[in-house]
Amino acid sequence: MSTFDPIPSDARVRALTIEVVGEPGGPATVLGVLVTSEGEVPAELGLSREALERAGFSGKADQTLVLPRPEGTTLVAVGLGERLDADSLREAAGAFARAAGKDAAIALALPEDLPIDAATAGQVVVEGAVLGRYHYEVLRSSSRATVLEHVTIVAPGQDLEAVRRGAERGRSLARATSVARDLSNAPGSLLDAPAIADLAVRIGAECGLEVEVFDKAALEEMGCGALLGVNRGSADEPRLVKISYRPEGARAHLALVGKGITYDSGGLSLKPSNPSHQQMKMDMTGAGSILAAMSVLGELGVEVAVTGYLACTDNMPDARAQKLGDVAVSRSGRTIEVLNTDAEGRLVMVDAIALAVEEEPDAVVDIATLTGACLMALGPLSAGLWANHEGLAEQVKAAAGASAESVWHMPLDRRYRKYLDSEIADVKNIGFDSAGAITAALFLAEWAGQTPWAHLDIAGPMRWESTEGYRPKGASGFGARLLAELAAGFRKP
């Protein structure tokens, strides 16, 4: 490894050839055939359901059965589960791409009586195939993976041009998630706060985004004491990165705020040395998902202005580190008594939220790997959603549904606000023993004020612990497609 590329997936997905045809053909060496768990088996497999079941294949979701042939294209039976819809097709495409892991050129056949629109089918097939074949091998001395180079969608009886349009949209969305996964998988030693800022400048130049980087001196001048307090124990300077997407005639303005803790030791409230601690390089997944999502807004033709704020530092203990009982003065002037240095994400976020609100956007959405309490409440499959505006919450839920990045609407229960009262400052950074995810959301809401605001706690789904469908074990890149879908459909709340 001579040079470290923090986003190797970007070039790979851009280089992928996508072909849409009405009948099988082309360079593919393996053809996937979709099979539901009930009903008729597609004739092209040449096998009955009884024969498939004898081979251990019932058509359940995430099931595949490779059927080698003496000559010609290898067939793969791909399970859909009970029915074919957008979510099951995305899952099936991912499972198929993994089953064909040694093939650089693959093809997936769609049925003629497709129950979803052609564009959506094209989109989710490419999303599933690209994300299912995702691999992070940039730090290996030699790669063991076969790069996916060619995807053919066989769509008999469909509007092929609509399938192509959807497939290209799927490429953009899959590239966003792949880049977000790359960023989260990268070690904090190679992707510190200055490195994220440099990468944002590079991506901005490539994607037509305006990027402003605020270093430590600038943050001091701006009064971002909450972010600076977290950075006090670090050997590396913090960065606050502002990314602007400004299409001509923008009809609305959405602000996105992301937690960018490149490594979270807990500070003086040191984390235990356990598997959770080992994954704290992923504590910047929120910022990574925003950077990745914004890189594809132009390709998606998003018609609203979007401003992203990445609040980046690590959280380390040394002689200068923030101590329990210290008081930080935030950008808004509000003071924060720090009673747990491991509740640092909310500190870096509030300075960025304050800056976002100052520009008077139509809404602010923040995203962060914020609390273990949310993981305990919802598990690893869904993010928690809090909001001070029901209309904005509905837009976030719609984007979550479109991207299959699950969220659960949680209560912003203001009865718990009193537990954030401090004896010596305006607010303290932790609540009480229970409702930790709610009190964290209430803390952030203080800086949103009356601006429509939503908060996504992605501590649970930041990482997949096992491989399934289009979700290989490791960093999930959760939020990148959700945020891109939100921006694409955003309207003033």
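Keep in mind it's a predicted model, so treat the numbers as computed, not measured. (Residues numbered from 1 in each chain as written. Predicted model: local features only at pLDDT ≥ 70, side-chain atom pairs only at ≥ 80, totals over all residues. Heavy atoms only, no water.)

Visitor: Mind showing me how you'd approach the side chain of H253 here?
Guide: With respect to the element layout, H253 can be found in strand 9 (residues 253-264). H253 gets classed as buried once you look at its relative accessible area, which sits at 15%. At a separation of 2.8 Å, a polar atom in the side chain of H253 contacts the side chain of T307. For H253, the residues in contact, after removing those within four places along its chain, are R246, A305, V306, T307, E359, P361, D362, A363 and F490. (Helix = DSSP H or I, 4+ residues; strand = E, 2+ residues; numbered from the N terminus. Buried < 20%, exposed > 50% of the residue type's maximum accessible area, 1.4 Å probe, protein only. Polar contact = N/O pair within 3.5 Å; in protein donor to acceptor, adjacent residues only side chain to side chain. Contact = heavy atoms within 4.5 Å.)

Visitor: For this particular structure, what's the right way to read helix 14 (residues 390-403)?
Guide: What sets the pattern is the α-helix's 3.6 residues per turn: residues three or four places apart point alike. Compared with an ideal rise of 1.5 Å per residue, which puts 14 residues at 20 Å, helix 14 spans 20 Å between its outermost C-alpha atoms and is within 8% of the ideal. Every buried residue of helix 14 is accounted for by L392, A393, Q395, V396, A399, A400 and S403. Summarising the axial view, the buried residues of helix 14 lie within an arc of 160°, below the 170-degree limit, and thus occupy one face. The elements touched by buried residues of helix 14 are helix 3 (86-99), strand 13 (363-368), strand 14 (383-387), strand 15 (407-409), strand 17 (453-457) and helix 16 (480-489). (Expected span 1.5 Å × (residues − 1). Arc of directions from axis to C-beta.)

Visitor: Explain the pattern of salt bridges here, please?
Guide: Pairing between side chains becomes possible if they bear opposite charge and their charged atoms approach one another. This structure, assessed with the given rule, holds 35 salt bridges. A salt bridge links R83 to D85, with the shortest nitrogen-to-oxygen separation between them at 3.4 Å. The exposure class of R83 is exposed, given its relative accessible area of 54%. By relative accessible area, which is 23% here, D85 ends up partly exposed. Close ionic contact of E485 with R169 constitutes a salt bridge, the shortest N to O distance being 3.0 Å. Within this pair, whereas E485 is found in helix 16, its partner R169 is found in helix 5 (residues 160-185), the two being separated by 316 residues in sequence. The class of R169 is partly exposed, set by a relative accessible area of 24%. One salt-bridge network, in which partners are shared between bridges, spans D87, R90, E127, E405 and R481. (Salt bridge = Lys/Arg side-chain N within 4 Å of Asp/Glu carboxyl O.)

Visitor: Would you take a moment to explain the packing of aromatic side chains for this structure?
Guide: Applying the stated rule across the entire model yields four aromatic pairs. Between Y416 and F432, the ring centres sit 5.7 Å apart and the planes meet at 35°, which makes this aromatic pair tilted. Of this pair, Y416 sits in the loop between strand 15 and strand 16 (427-428) while F432 sits in the loop between strand 16 and helix 15 (436-448), placing them 16 residues apart in sequence. The class for F432 is partly exposed, based on a relative accessible area of 30%. Judged by centre distance (5.0 Å) and plane angle (40°), the rings of F443 and W447 are tilted. Separated by four residues within a single helix, F443 and W447 lie in helix 15, roughly one turn from each other. Residues F443 and W447 agree in their burial class; the two are buried. Members of the aromatic cluster, each reached through a chain of ring pairs, are Y416, Y419 and F432. The ring centre of W447 lies 5.4 Å from the NZ or CZ of R334, which sits over that ring. Positioned over the ring face of Y470 is R471, at 4.8 Å from the centre of the ring. (Phe/Tyr/Trp six-rings, centres within 6.5 Å; stacked < 30°, edge-to-face > 60°. Lys NZ or Arg CZ within 6 Å of the ring centre and 35° of its normal.)

Honestly, it's all geometry; don't read function into it.
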